[in-house]
Amino acid sequence: MADKVRVVGICGSLRKTSYTRLALKLALRGAEEAGAETQLIDLRDYQLVFCDGGDSGDVPPKDVVRLCEEVKRAQGILLATPEYHGGYSGVLKNALDLMGFDEFEGKMIGLVGVSGGNMGAFGALSALRSVGRALRAWVVPEQAAVANVDEVFDDEGNCKDEAIERRLKAVGRQVAKFASLHNSEQAREFLQFWEAAAENPGGVDR
């Protein structure tokens, strides 16, 4: 890639021995292989308040500011979650609610979900796709839903399934590549042209 992009991965699990975190690390490795600078955002390291809607004059806590700034600096974002009761984790939901368009609009998002059952994490990933659209982000086509995740990683955290490892890395690569294309000079010129174009350049309203 001509321009180095930044991809962050947000881990939506607080477990010390988290399969979600292991899966996310592989996706970030895929982004690195595509030439991106990466950062894993482990929500265990942030003292986040519960989102209560707040007032416009409220001063956000320093860890909320830190989270927002780190995500805002990225061109690509990986969201990783365990599936709980058919949805994504509450800790990830709260982190997303503390952010908004400033952090996500126009950026590339890749999705990673893990599940202890054999149905995968498709419910969680489907819900996160809706969140991505609501935040005006681009959710890439590639995603990784890892079923029976406790059988996928060994005690040292290594992935035992080559196909799953390839799928996880592919999500990270796609986010990095699409982010690079989206932030290229040609893409910026196109977007400026498109935003300046007339509402109906093809003809007169009838």
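Anyway, here's the lowdown on the structure attached to this text. (Residues numbered from 1 in each chain as written. Predicted model: local features only at pLDDT ≥ 70, side-chain atom pairs only at ≥ 80, totals over all residues. Heavy atoms only, no water.)

1. Overview of the overall build of the chain
Turning to step 1, where the next piece is worked out: When helices and strands are counted, the chain shows 7 helices and 5 strands.
Turning to step 2, where the next piece is worked out: Secondary structure of the chain in N-to-C order comes out as β-α-β-α-β-α-α-β-α-β-α-α.
Turning to step 3, where the next piece is worked out: Looking at the chain as a whole, 45% of its 206 residues are labelled buried.
Turning to step 4, where the next piece is worked out: Across the chain, the fraction of contacts at a sequence separation of at least 24, relative to all contacts at a separation of at least 6, is 76%.
Turning to step 5, where the next piece is worked out: Summed over its atoms, the accessible surface of the chain is roughly 11500 Å², and 50% of this surface lies on carbon and sulfur atoms. (Helix = DSSP H or I, 4+ residues; strand = E, 2+ residues; numbered from the N terminus. Buried < 20%, exposed > 50% of the residue type's maximum accessible area, 1.4 Å probe, protein only. Contact = heavy atoms within 4.5 Å. Areas by Shrake-Rupley, 256 points an atom, 1.4 Å probe, with all protein chains shown as cover.)

2. Considerations on the pairing of strand 3 (residues 76–82)
Turning to step 1, where the next piece is worked out: The buried fraction of strand 3 is high, at 7 of 7 residues.
Turning to step 2, where the next piece is worked out: Both faces of strand 3 are covered, namely the face carrying Gly76, Leu78, Ala80 and Pro82 and the face carrying Ile77, Leu79 and Thr81.
Turning to step 3, where the next piece is worked out: By the bridge criterion, 5 bridges tie strand 1 (residues 6–11) to strand 3 in an arrangement that is parallel. Its bridge partner lying in strand 3, Val8 is registered against Ile77.
Turning to step 4, where the next piece is worked out: Examined bridge by bridge, strand 3 and strand 4 (residues 108–114) share 7 bridges and lie parallel to one another. Each bridged residue has a counterpart across the sheet, and for Leu78 the counterpart in strand 4 is Gly110. (Pairing = 2+ DSSP bridges.)

3. Remarks on the environment of Arg166
Turning to step 1, where the next piece is worked out: Position of Arg166 among the secondary structure elements: in helix 6 (residues 162–182).
Turning to step 2, where the next piece is worked out: Separated by 136 residues in sequence, Arg166 and Gly30 have C-alpha atoms that sit 8.5 Å apart.

4. Some remarks on the sheet that holds strand 2 (residues 37–42)
What links the strands of a sheet is backbone hydrogen bonding, and the strands pair in either a parallel or an antiparallel sense.
Turning to step 1, where the next piece is worked out: Taking strand neighbours across the sheet as the criterion, the 5 strands line up as 2-1-3-4-5 in an open arrangement whose pairing is parallel. Edge strands, defined here as strands with exactly one partner in the open sheet, are strand 2 and strand 5 (138–146). Shown here is a sheet whose adjacent strand axes are inclined to one another by a mean of 15°, direction ignored.
Turning to step 2, where the next piece is worked out: Packed onto the sheet, helix 5 (residues 122–134) meets strand 3, strand 4 and strand 5 and runs at close to 165° relative to strand 5. (Axes fitted to C-alpha atoms, helices over the stretch in contact; angles between N-to-C directions.)

5. Considerations on helix 1 (residues 19–33)
Turning to step 1, where the next piece is worked out: Between its first and last C-alpha, helix 1 extends 21 Å over 15 residues, near the 21 Å set by a 1.5 Å rise per residue.
Turning to step 2, where the next piece is worked out: By the burial criterion, the buried members of helix 1 are Thr20, Arg21, Ala23, Leu24, Leu26, Ala27, Leu28, Gly30 and Ala31.
Turning to step 3, where the next piece is worked out: On its buried side, helix 1 packs onto strand 1, strand 2, strand 3, strand 4 and helix 6.
Turning to step 4, where the next piece is worked out: The opening residue of helix 1, the one whose side-chain oxygen lies 3.2 Å from the backbone nitrogen of Thr20, is Ser18. (Expected span 1.5 Å × (residues − 1). Polar contact = N/O pair within 3.5 Å; in protein donor to acceptor, adjacent residues only side chain to side chain.)

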